[in-house]
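# Structure assessment
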Amino acid sequence: MTVINKIKENLFLVLVVLAYIIMFIIKPPMGIESIKNSGYYIKEMLMIMPVIFVLTALLDMWVPKEKIMKFLGKDAKAKGVFLAFVVGSISAGPIYAAFPMCVMLHKKGASIRNIIIILSSWAVIKVPMLLNETKFLGPKFMTIRWILTVIAIIIFSWIASKMLKDEDLPGETVTKTGLSLNRDACMGCTLCVKNYSELFEIQGRKAMIKTYDKTTIDKEKLQNMIKACPVNAIEYIEE
Amino acid sequence: MDIFTMAIWVGTLIFLGVSLVKDKTKTKQALKMAFGMGKGMATSIFSIIFAIGLILTLLPPTEIANFVGKQSVLLATVSAAILGTITLVPAFIAFPLVGTLVNAGVGIVPSVAFLTTLTMVGVVTFPLEKKEFGAKFTAIRNGFSFLSAIIIALVMGVII
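As the structure is a prediction and not an experimental result, all values here were calculated from the model.

All names here are of chain A. Pairing between strand E2 (residues 200-203) and strand E3 (residues 206-209): four bridges, direction antiparallel. Within E3, the position partnered with Ile202 by the bridge is Ala207. Between E2 and E3, which pair antiparallel one after the other, the connecting turn spans two residues, and Gly204 there sits at a positive phi close to 60 degrees.

Structure follows, in structure tokens:
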């Protein structure tokens with residue numbers, strides 16, 4: 001049972017490994033060639049990935065996002081648009097980590113347009129990535145693509161906001177008091193388990209909340225934990 | 001190491017130093033966060049890279065360039081954009097990959113369309129986005145992103 005689950009969770013990896021095995025049986029030279037090709041990308045990735053993760057985490061930690069978020073409402077026109085771009089391009093984590101955060105922002109009054117800007121810029125215009133793009137595709141390519149992308153996002157977020165009403169988004173979900181964890185956003189980094197093993201455990205490569213006794217919760221420890229989660233997947237609402 | 005990678009390293013190390021001086025616990029937390037992100041994504045990143053290595057052996061970039069060159073620009077661009085929506089590739093793999101393709105002679109327009117949809121539109125993330133924002137929002141956002149990927153690509157073809 002656990003073996004099947006493991007395969008399911010890593011389906012893509014299993015398929016890739018299988019493809020390699022078949023390749024090495026049928027045409028060994030091509031298998032070696034594939035490894036060599038991958039080697040180039042692994043080398044490039046290892047040079048840049050650690051530093052990009054550190055830089056994004058530092059930006060995420062030091063830029064006061066709570067303050068910025070106040071300005072994302074419907075009345076804040078140009079300023080809101082600008083700040084939405086800032087939030088999107090400095091935030092840490094993959095795009096799916098942006099979804100729960102944007103839902104929260106919308107509930108707090110951010111306009112649909114600004115949410116679309118955050119999501120789109122989150123995907124394409126990460127600041128640390130711009131240098132990486134310059135390296136492989138040249139400064140001219142990066143600059144032009146960046147400018148065009150920003151223009152495109154400004155235009156299509158405006159059109160989309162005319163087509164969408166606030167009611168089109170799913171309404172207020174019943175917020176439960178207590179501890180909750182968004183498993184869709186979780187990347188399985190195990191930070192929460194390491195920091196607060198009494199409350200969290202890993203099941204199926206993602207974090208889970210253990211059954212807990214609310215009287216024994218160390219609130220300060222928990223709050224620090226919530227801040228440390230790279231994808232803001234943990235929430236605690238007091239009763 | 002090239003100048004651009006160097007610049008990121010130097011900049012980040014300075015930032016890290018300043019951060020460390022200003023607030024030790026915050027910095028420690030940021031480092032933990034970075035490590036956590038890397039660990040969480042490691043499996044999928046390695047799978048994607050090895051898959052790319054395999055695909056580029058079966059379909060060498062020069063042959064891709066050859067094939068794309070024979071199609072009309074619009075058809076090639078739309079196909080490249082569609083191909084980009086299927087997969088979700090982290091940007092730091094997407095850039096060297098598109099770099100390889102451009103150097104092998106694949107046109108700038110299809111390459112840009114591929115690069116933009118690769119990072120902005122996701123069939124994989126569609127169900128998640130729909131769950132959080134509803135079908136209409138998700139369809140409109142992804143649809144517009146797809147369209148702008150093609151427009152951005154075509155405009156870039158004119159400028160570069």
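There is more to say after this.
Orientation of helix H3 (residues 28-62) of chain A relative to helix H2 (residues 24-58) of chain B, taken along the N-to-C sense of each, is 155 degrees, at an axis distance of 8 Å. Put simply, H3 of chain A runs roughly antiparallel to H2 of chain B. Where H3 of chain A crosses over H2 of chain B, the two elements pack in a sense that is right-handed.

As a further point, take the environment of Ser148 of chain B. Relative to the helices and strands, Ser148 of chain B is located in helix H8 (residues 135-159). According to the C-beta neighbour criterion, Ser148 of chain B is buried, with 23 such atoms within 10 Å.

Glancing now at the domain arrangement of chain B. Residue and element names in this part refer to chain B. Parsing chain B into structural domains produces domain 1 (1-58) and domain 2 (60-160). Taken over C-alpha atoms, the centre of domain 1 sits 24 Å from the centre of domain 2. Residues of the side of domain 1 that touches domain 2, tallied by class, amount to five nonpolar, no polar and no charged.

In terms of domains, chain A is made up of domain 1 (2-61), domain 2 (64-168) and domain 3 (178-237). Of note, the centres of domain 1 of chain A and domain 3 of chain A, computed from C-alpha atoms alone, are 28 Å apart.

We now examine the interface of chain A and chain B. At the junction of the two partners, chain A supplies 74 residues and chain B supplies 67 residues. The set of elements that each furnish at least two residues to the side of chain A that touches chain B consists of helix H2 (11-26), H3, helix H6 (98-107), helix H7 (112-124), helix H8 (127-137), helix H9 (139-163) and helix H11 (219-228) of chain A. The greatest single-element share of the side of chain A that touches chain B, amounting to 23 residues, is contributed by H3 of chain A. Here the side of chain A that touches chain B is composed, by residue class, of 54 nonpolar, 10 polar and 10 charged.

Reading guide: rules and limits
- Residues numbered from 1 in each chain as written.
- Chains lettered and ligands numbered in written order.
- Predicted model: local features only at pLDDT ≥ 70, side-chain atom pairs only at ≥ 80, totals over all residues.
- Pairing = 2+ DSSP bridges.
- Helix = DSSP H or I, 4+ residues; strand = E, 2+ residues; numbered from the N terminus.
- Axes fitted to C-alpha atoms, helices over the stretch in contact; angles between N-to-C directions.
- Parallel < 35°, antiparallel > 145°, perpendicular 65-115°, else oblique.
- Left-handed = near helix turned anticlockwise from the far one by under 90°.
- Buried ≥ 20, exposed ≤ 12 C-beta atoms within 10 Å, placed from the backbone.
- Domains from an automatic or database assignment.
- Nonpolar A, V, L, I, M, F, W, Y, C, P; charged D, E, K, R; others polar.
- Contact = placed C-beta atoms within 7 Å.

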